[in-house]
Structures are given as C-alpha cells and as structure tokens.
Amino acid sequence: MGPKWTKIKLYKGRLLAALFLTGNVWFAFAYQQGFTQKGFGAFELIILFIYIGVIWGAGALYDRQQKQIDMLQNNHDRFRLIFEKSGVGIALMEPGGKIVFVNPKMTEMFGYKEEAFLNMTFRDFSHPKDVLPNNDLLDKLVSGEIEYYQLEKRYICEDGRTIWGKVTSSLMVDEDEQETLIIGVVVDITERKMMERKLKEANESLEKMSHTDSLTGLLNRRGIEKCLETGWENARKNGHFISFIIIDIDYFKHYNDHYGHLKGDSCLVKVGGVIQKTLEESGACISRYGGEEFLIALPGCSPEEALLRAEALCRNVEEEKIEHKHSPAAPWVTVSVGVAGLIPGTSHSFTGLFKQADQALYQAKQNGRNRVHTQLSSSNEAKLLRRHP
C-alpha cells in the first residue's frame, strides 16, 4: 500500500461518516422541499445537528479504534520479527519452567529442534550443578521477590557439548489470556568464559613463577616470605611451634670451580630433590633462599622434631653420594644445617628466628661441617644438644 492509501485508511471512519451524512442530509432536504413543501423548523435542525454529531463521532471513534488495532498489529509484527531474527536465544516458559515457545536462535544455539524444546523444561538441558541456583532465582521471580534476574550458567547441547550462557529472566503477564509466562533471554558467552579461564591460568602461572626458583622448582625468597607470613601468624594466634631449618652445601665454591657451573646447577637440583623427598609429608615450606642455601619453614613443628628432620636431611644428602673430590668434609656432597624454633609471641618476629637458625648454621660450619646445630630461643625452655649425623 502507498502513502496515499495509508492516509485514507487513517480517516476511513470519518470519510464514511461524511458520505453517509451527505446522503442523509441531501435526502432530508429533498424530502422537506419536495414532499412537505416546507423547510426545516428549529426542532428539526437541532435533531439534524445532533444526528450529524453522533454519526461523525462514531466515524472518529472507529478511526481511533482502528488506529489502535493497527498499532497493536504493527507492534506484534515487530515483536515477532525481533523474536525470530534476534541474535540471542529467547524462550517463553511457564512458571514451573516448561518451555512453550522458542525462537530460531535457541534451536541453533543448543541444537535441539523446536518440538524437542516444547517437551522440555529448562532443567533438562541445564548443567546439573547449575540447576539449583537457577531454581532458587526462578522461585523468587515467580513469587514477586525480584523483578528479574541474571545468571551465568552452563547448558548441555543436543550433541553433548557444554556451553556457557548468560540468561536474563523476567515475568511477562498476558492480561487477555490471564496468563503469566517467563521470558528468558540467553546469550552465548562460551568464548568469553574460555578467554577468562585462559587468562586466569596465565595469571596463576605467572604468580607461581614469581614465587618459584626457576632452577630447582622450589620456592624462591619471595615465595618463602609469603608462606612465612601465613604460617607465622597462625602459629602466633594458636600458640603453636614454628621452626626454621637453614641448609648450606659444604664447599660449594670448590664444587663449581672443579666441575663447572652446569654441574653445579645439577648438584643444586639433586640436593633440592633430596630435601623435598625427605620432607614430603611434613607440610614444610621449602625454598632455595639464595646460591647454595636452602631455607625451610616447618609450621606446627617443635625444635626437637625439626632437629630430627634436619639430621635426616643431612644424612640423606650424604647418602645420595654426589661426587665432590675437593671437599675437605667428605668425598661426597654434604650439607651443614642450622635449626631454630619457638612458639611466637607478640615480641617475636620471623626475622629474629631466622637469625637464630643462621647463627646455628654458622656454628655447624665452625664445628667441622656435615652436621646439624640448633640455636635455642631465650623463650624456649627445651634444651637441645648439638647433633651429628
């Protein structure tokens, strides 16, 4: 239809009223002049004007009603076009979750045919772990506690694939049908979720790298300090022991000078492996603190227990029999070990405990190396003797 016909359609009722009135008024004048031979009286004119007003008003009312009908039809057509051509999945559901209508994008997104959807509830193609959160929000929506909700959840496609979708649900009340439906709009966010997961993994990897020694795979200085912050605070709050073990490879400079730095790196890796294996069930934080020095924190471990573990470390490194021809201590790689431990109070710091363990290490070296020495804390009543492996 062209623009002219559209304009005519808008005034159809009034045009018909005008034609009808023209005919009626002409007939009335003709009747009065031709048959009664007299004109209109005042009363007849009043009646005629009322009649004209009523007919014209009826035509105008018809036009208004027709305009509203056309607007509703246009809106309905636009909604259906949006519904069918939309780039997001749209579904209409009963309050219980049964699907009554889906748009083509829903069938494309999930792979189910429309007939299959109409025999399903949203629970049937939702990931089992996401059904309960969706149910809770749906109940709140139906009960009127919330006006709408948004949820990121997983769906199971017809071919078994799992995709992520962001669903926005709200109530739609059809007053004519006296029916309440739920409209759900689903946007496929699988690609975004994959990118988020990769970014998270990359960040975790970078975080791990920033706390890990690249050679031995143990914690580095930054990593052990972060571990100590938590372990020290927990020990202080709960009144538990915490102990430090510092290990130094004996005459490691001689080893590097004779065997070269590549062999030296290999030696560090092997010693680190022995430490890990010896303490694998202790809950220890193990680090390469710098050069040939290793620092171990043992939360919940008393100085007596730490001393026993240190002796085992000293013994196991020697039993690994890593050749070291230029060591005055033994023909194998050996270690000297310092141990300190306490129950931390408000006046203590892990820096102070580290200094005690470092002093014990110095004493182990002074006393001939390849041995363990413990440095007692002034607040610790236990008296531990220097041990030899």
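An account of the accompanying structure is given in this report. These figures come from a predicted structure and were not determined experimentally. (Residues numbered from 1 in each chain as written. Predicted model: local features only at pLDDT ≥ 70, side-chain atom pairs only at ≥ 80, totals over all residues. Heavy atoms only, no water.)

## Considering the overall build of the chain
Then, in step 1: A count of helices and strands for the chain gives 12 helices and 10 strands.
Then, in step 2: Buried positions account for 36% of the 389 residues belonging to the chain.
Then, in step 3: In the chain, once contacts between residues fewer than 6 apart in sequence are set aside, the share between residues at least 24 apart is 56%.
Then, in step 4: Summing over all exposed atoms, the chain offers an accessible surface of approximately 23,300 Å²; the carbon and sulfur share of this is 55%. (Helix = DSSP H or I, 4+ residues; strand = E, 2+ residues; numbered from the N terminus. Buried < 20%, exposed > 50% of the residue type's maximum accessible area, 1.4 Å probe, protein only. Contact = heavy atoms within 4.5 Å. Areas by Shrake-Rupley, 256 points an atom, 1.4 Å probe, with all protein chains shown as cover.)

## Some details on the pairing of strand E9 (residues 335-342)
Then, in step 1: With respect to burial, E9 is a largely interior element, 8 of its 8 residues being buried.
Then, in step 2: The side-chain alternation of E9 yields two buried faces, one formed by Val335, Val337, Val339 and Gly341 and the other by Ser336, Gly338, Ala340 and Leu342.
Then, in step 3: Strand direction decides the pairing type here: strand E6 (residues 242-249) and E9, joined by 8 bridges, are antiparallel. Paired with isoleucine 246 across the bridge in E9 is glycine 338.
Then, in step 4: As judged from the 3 bridges shared by E9 and strand E10 (residues 372-374), these two strands associate in the parallel manner. When the sheet's bridge partners are listed, glycine 338 is paired in E10 with histidine 373.
Then, in step 5: With respect to chirality, the unit in which E9 leads through helix H12 (residues 350-366) into the neighbouring parallel E10 is left-handed. (Pairing = 2+ DSSP bridges. Right-handed = clockwise from strand over helix to strand, strands pointing away.)

## Focus: the packing of helix H10 (residues 261-278) against helix H11 (residues 303-319)
Then, in step 1: Contact geometry for H10 and H11: axes closest at 10 Å, N-to-C directions at 135°. In terms of orientation, H10 and H11 fall into the oblique class. Handedness of the H10/H11 crossing: right-handed. Where H10 approaches H11, its residues Val271, Val274, Ile275 and Thr278 are matched on the opposing element by Ala312, Leu313, Asn316 and Val317. (Axes fitted to C-alpha atoms, helices over the stretch in contact; angles between N-to-C directions. Parallel < 35°, antiparallel > 145°, perpendicular 65-115°, else oblique. Left-handed = near helix turned anticlockwise from the far one by under 90°.)

## Here we look at empty space enclosed by the protein
Then, in step 1: If you walk through the whole model with that rule in mind, you get 1 cavity of 30 Å³ or more.
Then, in step 2: Its boundaries defined by the atoms lining it, the largest cavity holds a volume of some 110 Å³.
Then, in step 3: Taken together, 14 residues line the largest cavity, and the ones lying closest to its centre are Met93, Phe122, Tyr155, Val167 and Val186.
Then, in step 4: Elements represented by at least two residues in the lining of the largest cavity include exactly strand E1 (89-93), strand E3 (148-156), strand E4 (162-174) and strand E5 (179-188).
Then, in step 5: Among the elements that make up the lining of the largest cavity, the one with the highest residue count is E3 (3 residues).
Then, in step 6: A per-class count over the lining of the largest cavity returns 10 nonpolar, 3 polar and 1 charged. (1 Å grid on protein atoms, 1.4 Å probe; cavity = no way out; pocket = protein on both sides within 12 Å on 5 of 7 lines; lining within 4 Å. Points joined across faces, edges and corners; volume = space filled by probe spheres on them. Nonpolar A, V, L, I, M, F, W, Y, C, P; charged D, E, K, R; others polar.)

## Overview of helix H9 (residues 252-259)
Then, in step 1: Of all the residues in H9, the buried ones are Phe252, Tyr255 and Asn256. All buried residues of H9 fall inside an arc of 95° around its axis, so they share one side. Set apart from the buried face of H9 by more than 90 degrees, the exposed residues are Lys253 and Asp257.
Then, in step 2: Of the surrounding elements, those touching the buried residues of H9 are E6 and H10.
Then, in step 3: Positive phi shows up at glycine 260, right after H9, with a value of about 95°. (Arc of directions from axis to C-beta.)

## Description of a nonpolar patch on the surface
Then, in step 1: Nonpolar side chains collect at one region of the surface, where Ile46, Ile50 and Val54 lie side by side and expose about 290 Å² of accessible area between them.
Then, in step 2: Relative to the helices and strands, valine 54 is located in helix H3 (residues 42-85). (Patch = residues over 30% accessible without salt bridge, like charges linked within 9 Å, V, L, I, M, F, W, Y side chains within 5 Å. Salt bridge = Lys/Arg side-chain N within 4 Å of Asp/Glu carboxyl O.)

## Some words on the pattern of salt bridges
Then, in step 1: Applying the stated criterion to the full structure yields 12 salt bridges.
Then, in step 2: Across the pair aspartate 130 and arginine 154 runs a salt bridge, and its minimum N-O distance is 3.0 Å. Residue aspartate 130 is found in helix H6 (residues 128-143), and its partner arginine 154 is found in strand E3; the two are separated by 24 residues along the sequence.
Then, in step 3: A salt bridge links aspartate 159 to arginine 161; the nearest nitrogen and oxygen atoms lie 2.9 Å apart.
Then, in step 4: Of the residues examined, arginine 161 reaches a relative accessible area of 41% and is grouped as partly exposed.
Then, in step 5: A single network of salt bridges, built from pairs that share partners, joins Glu152, Arg192, Lys193 and Glu196.

## Considerations on the state of the cysteines
Then, in step 1: Here the structure, examined in full by the defined rule, presents 1 disulfide.
Then, in step 2: Note that cysteine 227 is cross-linked by a disulfide to cysteine 285, the S-S spacing being 1.8 Å. Residue cysteine 227 is found in helix H8 (residues 221-238), and its partner cysteine 285 is found in strand E7 (residues 285-290); the two are separated by 58 residues along the sequence.
Then, in step 3: Here cysteine 227 falls in the partly exposed class, since its relative accessible area comes to 23%. (Disulfide = S-S within 2.5 Å.)

## Points about the packing of H9 against H10
Then, in step 1: At a minimum axis distance of 7 Å, the contact between H9 and H10 shows a crossing angle of 135°. Between H9 and H10, the interaxial angle falls into the category oblique. Within the contact between the two elements, H9 uses Phe252, Tyr255, Asn256 and Tyr259 and H10 uses His261, Lys263, Gly264, Cys267 and Leu268.
Then, in step 2: Residues belonging to the contact of H9 with H10 are distributed by class as follows: 5 nonpolar, 3 polar and 1 charged.

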